[in-house]
Amino acid sequence: MTSGVPAGQVQREGDPFGLPSGTTVRFVLLITAVTTASATLVNGVSSVVLTSVDVRQVRAYYQCATRATQEAARAHGASSGDGSSPFVFDCNDPRAATTWAVTVAVTALLLLGVGCVYVCLPAWRKRRRGYRELTGMPELTACLRQVTRTAGLHSPVTFLAEPLEPGVDALAFGRVGRRQVVLSGGLMVLFARDPDAFRTVVLHELAHIRNRDLDVAFLTLVVWRMSGPPLLAFAVLAVPGSLFLGPELAAADLTHAVRMGLLAVLAAFLKNSVLRSRELYADARVRSWQGSPTSLRRLFRDYGLPSAPRSGWRSALLRVHPTAAQREEALRDERLLGEAGFWDFCAVGATVAFLYDFLELGPVGGGSQAGAGTEALATVLASGLLVGATGTALWRGAAGAGGKRDAGLGLALGVGSMHLLSPTGASSAAMLGGKGLTLLIPYAALVVLCGLATAGWLVAATRSWAPVSFRRRRTRLVAAGVLGASAIGVAPAFDYLMQLPPLTLYAASFESPNAPGALVFLSDFVNLSIGVAGSALTPLTVTAILIPIAGQYLAQRATRRQQATAFGPLRPAAGALVRLGVPAGLTAAGAGVLIALLGAFSFWGLILEILAAQIAAAFLATRDYAPLPVIRGLLAAYAAGALAFLGWFLMMKAFGSCVLGAGPCATLPSPENVFLALTLPSAGALTACAVHAGLHALRTRPTGERIPMLSPGGRR
């Protein structure tokens with residue numbers, strides 16, 4: 001069975017969808033994870049060592065902060081409860097003298113070390129393994145020259161021999177401009193016995209050179225071996241070492257050690273995933289060169305190459321090569337190339353949360369140098385990495401329901417576990433005596449919901465824009481524009497989500513010290529969501545609506561002559577007014593005015609009444625078949641809420657001024673009313689969308705099958 005992407009596309013782009021390959025995406029994540037973790041580790045040590053800070057001074061700082069925090073909590077608990085927080089303390093952090101120069105220097109030294117190893121290791125390996133130049137074999141040399149021409153390589157390749165290796169194997173290595181391929185003794189014997197199998201093996205190694213993944217694989221191994229063991233060693237040694245510290249400092253040290261250990265394990269999974277992915281891409285290129293996967297399949301079946309193990313006791317996460325079954329499946333369907341799984345998305349989430357915490361708190365990591373600048377930098381980089389890595393993987397993978405679920409849960413697990421184990425949060429919880437920690441339960445549920453929503457929305461957006469990118473043959477440009485605009489809209493809401501735990505933790509101790517933390521979290525979450533509706537939730541809502549619908553509109557225009565069946569009819573069955581939530585919005589506005597005239601008005605009553613109208617609008621807009629049903633439900637909910645608020649403001653103002661005579665007769669709402677009408681509905685629209693999406697998923701009962709992707713020619 002052939003895929004919907006022409007074979008020549010792989011040869012032209014290196015990836016069947018014209019996007020950065022899965023190998024490249026994982027490599028970027030790996031570099032980000034290990035460099036950030038290494039910089040954090042060395043910077044934490046240097047903040048004490050380079051500034052001649054005694055550990056006892058750091059412990060005294062935490063003890064001072066603990067006393068001040070507990071005294072503030074007791075004082076506020078005995079106060080009138082006016083909502084003002086007296087949490088201000090003056091404790092000197094002795095580590096504050098460390099600057100960003102340490103972090104930059106650590107990262108620069110790490111990359112310099114990697115560069116030195118990259119330059120020197122190939123020559124050392126050639127000398128150590130005793131590789132020899134191919135001489136006195138004119139037929140073999142002529143065959144290799146012909147195979148190299150088939151590969152279309154623009155730089156010279158040196159072929160070496162390892163005559164004492166009896167297995168059928170080959171290996172491509174070397175730095176830029178000096179690529180080399182070593183042939184085992186068993187492979188050279190195979191040249192005379194089975195020339196077709198010999199050519200296939202050599203083409204596979206040349207495909208690694210053509211795909212430019214030699215450097216990625218080499219640097220992956222170097223970076224992991226230089227950074228992985230130190231991170232694991234720190235995680236192991238920090239646990240017993242924390243027993244000699246005070247409880248506040250021990251909490252921060254323990255959580256930091258756990259985070260380092262988790263990040264090191266996930267980096268190991270990423271490293272193995274990078275190495276597996278490159279093998280699948282090399283097979284795909286060989287298939288495109290030969291025009292058929294027959295030779296590769298026969299190679300796997302007859303010779304059982306080490307690069308294609310048939311089975312093994314090790315978990316798939318621990319293998320550095322895909323199995324023969326996986327490679328054959330990828331040959332049948334090129335959409336499986338480098339397909340991301342649950343642990344890949346978990347690594348994305350963990351890297352994003354770790355990067356955000358590191359940048360947001362400043363170089364010390366204790367918050368003493370945090371500010372608006374560090375928070376903005378952390379938000380921009382972390383949200384860009386989150387949307388870019390996840391969106392690229394989902395765009396390439398064309399994930400079905402099972403893929404969306406794995407992506408969402410993986411993101412949630414990575415972000416939630418890494419962020420909740422923040423050393424600053426742990427020390428704050430210890431300072432507060434563990435009060436309010438039950439808020440972690442609803443926050444974890446919120447993170448899971450956000451992870452599933454992010455994955456589902458990115459799948460909808462990428463499916464909408466994929467036909468546009470194929471038609472215009474600007475896949476990378478379109479993907480960069482779509483994902484960049486998505487990151488801009490997601491960034492404020494992402495920052496709000498990451499700031500929720502510390503905000504609600506202190507609220508649970510200062511404002512409601514006797515109430516369960518989970519209830520305080522839910523109450524504060526509702527209030528805070530309304531407060532940030534204009535700055536965080538409205539950009540998210542507008543982005544979530546516009547990007548998929550704009551992509552679908554352009555895709556329908558591009559395929560008007562031959563409709564793309566994966567996107568359904570050109571127009572949903574519901575009318576335009578229903579799709580925009582007009583009936584529900586007008587009904588809610590009229591009901592709100594009636595309730596106010598009857599003297600039973602309350603702000604929260606109006607909010608709940610409009611929320612009910614938004615939920616109804618979402619279901620009415622998608623009661624019949626409609627493409628992108630969840631997105632269209634969100635559009636109807638937001639429009640209904642905006643119309644309800646705007647209508648309520650207009651009618652109440654007209655009634656008060658024109659009927660009751662409270663001032664000159666005016667029927668137009670004020671600019672403040674318009675601003676509130678456009679921002680307040682976003683919180684209710686997202687809530688209505690969550691309800692609508694959950695019930696829609698239960699109603700449709702997804703099968704997890706893949707959605708057919710469109711080829712550049714518009715055919716499935």
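What counts and how
- Residues numbered from 1 in each chain as written.
- Predicted model: local features only at pLDDT ≥ 70, side-chain atom pairs only at ≥ 80, totals over all residues.
- Heavy atoms only, no water.
- Helix = DSSP H or I, 4+ residues; strand = E, 2+ residues; numbered from the N terminus.
- Buried < 20%, exposed > 50% of the residue type's maximum accessible area, 1.4 Å probe, protein only.
- Contact = heavy atoms within 4.5 Å.
- Pairing = 2+ DSSP bridges.
- pLDDT = per-residue confidence, 0-100.
- Patch = residues over 30% accessible without salt bridge, like charges linked within 9 Å, V, L, I, M, F, W, Y side chains within 5 Å.
- Areas by Shrake-Rupley, 256 points an atom, 1.4 Å probe, with all protein chains shown as cover.
- Salt bridge = Lys/Arg side-chain N within 4 Å of Asp/Glu carboxyl O.
- Core = buried A, V, L, I, M, F, W, Y, C linked by side-chain atoms within 4.5 Å.
- Axes fitted to C-alpha atoms, helices over the stretch in contact; angles between N-to-C directions.
- Parallel < 35°, antiparallel > 145°, perpendicular 65-115°, else oblique.
- Nonpolar A, V, L, I, M, F, W, Y, C, P; charged D, E, K, R; others polar.
- Phe/Tyr/Trp six-rings, centres within 6.5 Å; stacked < 30°, edge-to-face > 60°.
- Left-handed = near helix turned anticlockwise from the far one by under 90°.
- Expected span 1.5 Å × (residues − 1).

Moving on, we come to the overall build of the chain. Assigned secondary structure in the chain consists of 25 helices and four strands. Counting only residues that meet the buried cut, the chain has 52% of its 716 residues in that class. Of the contacts made within the chain by residues no fewer than 6 positions apart, 80% connect residues no fewer than 24 positions apart.

Turning next to the side chain of T379. Assignment of secondary structure puts T379 in helix α13 (residues 372–397). By relative accessible area, T379 is classed as buried at 9%. Residues in contact with T379, not counting those within four places in the same chain, are Y356, A491 and D495.

A word on the sheet that holds strand β4 (residues 179–184). With mixed pairing, four strands are arranged side by side in an open sheet as β1-β2-β4-β3. Since the sheet does not close on itself, it has two edges, and those belong to β1 (132–133) and β3 (170–173), each with one partner. Here six bridges tie strand β2 (residues 157–162) to β4, and the two strands are oriented parallel to one another. Across the sheet, the residue bridging to A161 is L183, located in β4.

A separate point is the confidence of the model for the chain. Any region with low pLDDT has predicted coordinates that should not be read closely. Per-chain confidence: the chain averages 76 in pLDDT, with 71% of residues scoring 70 or above. A low-confidence stretch, residues 561–572 (pLDDT under 50), is modelled with 25 contacts involving residues beyond four sequence positions or located in other chains.

In this structure, V387 sits in helix α13. Its relative accessible area of 2% is what places V387 among the buried residues. As for V387 and V352, which are separated by 35 residues in sequence, their C-alpha atoms are 10.0 Å apart.

Positive phi values are uncommon outside glycine, yet R212 reaches one of about 60 degrees. Mapped onto the elements of the fold, R212 is located in the loop between α7 (195–210) and α8 (214–241). A relative accessible area of 67% places R212 in the exposed class.

A cluster of nonpolar residues, L377, V380 and L381, forms a patch on the protein surface that exposes about 250 Å² of accessible area. Tracing the chain through its elements places L381 in helix α13. Of the residues examined, L381 reaches a relative accessible area of 41% and is grouped as partly exposed.

This model, assessed by the stated rule, comprises 10 salt bridges. A salt bridge links K126 to E133; its shortest N-O distance comes to 3.5 Å. What makes E133 partly exposed here is its relative accessible area of 44%. Across the salt bridge formed by E162 and R129, the nearest N and O atoms sit 3.0 Å from each other.

This next bit is on the environment of G341. On the secondary structure map, G341 appears in the loop between α11 (324–332) and α12 (342–360). Taking the C-alpha atoms as reference, G341 lies 9.4 Å from A393; in sequence the two are 52 residues apart.

Before going further, it helps to examine the pairing of β4. Where a strand is regular, its side chains alternate between the two sheet faces. Most of β4 sits inside the fold, with six of its six residues counted as buried. Side-chain alternation along β4 places R179, V181 and L183 on one buried face and Q180, V182 and S184 on a second face that is also buried. In this structure, β3 lies alongside β4, joined through four bridges in antiparallel fashion. Following the sheet pairing, F173 is matched in β4 by Q180. Between β3 and β4, which pair antiparallel and follow one another directly, the connecting turn spans five residues, one of which, G174, has a positive phi of 110 degrees.

This part takes up the nonpolar core. Residues L263, V352, L394, W395, W465 and F494 are the most contacted members of the largest nonpolar core, which totals 73 residues. Looking at this core, the element that brings in the most residues is α12, giving 12 residues. Of all hydrophobic cores here, the second largest spans 36 residues; its members include L153, L183, A197 and V286.

Among the structural elements, Q614 can be located in helix α22 (residues 603–621). Not counting chain neighbours up to four residues away, the residues in contact with Q614 comprise A637, Y638, G641, P681, G684, A685 and A688.

Our focus in this paragraph is the packing of α7 against helix α10 (residues 294–303). Where α7 meets α10, the closest approach of the two axes is 10 Å, and the angle between their N-to-C directions is 105 degrees. The orientation of α7 relative to α10 falls into the category roughly perpendicular. Side by side, α7 and α10 meet where D196, A197, T200 and V201 of the first sit next to S295, L296, R298, L299 and Y303 of the second. Taken together, the residues of the contact of α7 with α10 break down into five nonpolar, two polar and two charged.

Judged by how many residues are buried, β2 sits mostly within the fold: five of six residues are covered. In this sheet, β2 lies alongside β1 in antiparallel orientation, the contact comprising two bridges. Bridge assignment links R132 to a residue of β2, and that residue is A161.

Pairs of aromatic rings are described using the distance from one ring centre to the other and the angle between the two planes. Taken as a whole and judged by the stated rule, the model has 11 aromatic pairs. Relative to F198, the ring of F191 lies with its centre 5.1 Å away and its plane at 65 degrees, an arrangement referred to as edge-to-face. F191 gets classed as buried once you look at its relative accessible area, which sits at 18%. On the accessibility criterion, F198 (0% relative accessible area) is buried. Plain terms: the ring middles of W648 and F649 are 5.5 Å apart, the flat faces sit at 70 degrees to each other, and that makes the pair edge-to-face.

This part takes up the packing of helix α21 (residues 582–597) against α22. Each pair of packed helices can be summarised by the angle the axes make with each other and by the distance between the axes. Between α21 and α22, the shortest axis-to-axis distance is 9 Å and the interhelical angle comes to 160 degrees. The orientation of α21 relative to α22 falls into the category roughly antiparallel. Handedness of the crossing formed by α21 with α22: right-handed. For the pair formed by α21 and α22, the contact residues are A584, T587, A588, A591 and G592 on the first element and L606, E609, I610, A613 and A617 on the second. When grouped by side-chain class, the residues that make up the contact of α21 with α22 number seven nonpolar, two polar and one charged.

Here the focus is α22. The end-to-end C-alpha distance of α22, which contains 19 residues, comes to 27 Å, matching closely the 27 Å that a straight helix rising 1.5 Å per residue would cover. Inspection of α22 places L606, I607, E609, I610, L611, A613, Q614, A617, A618 and A621 among the buried residues, and these make up the whole buried set.

For helix α5 (residues 138–151), with 14 residues, the first-to-last C-alpha span of 20 Å sits near the 20 Å given by 1.5 Å per residue. G152 lies just past α5 and shows a positive phi near 65 degrees.

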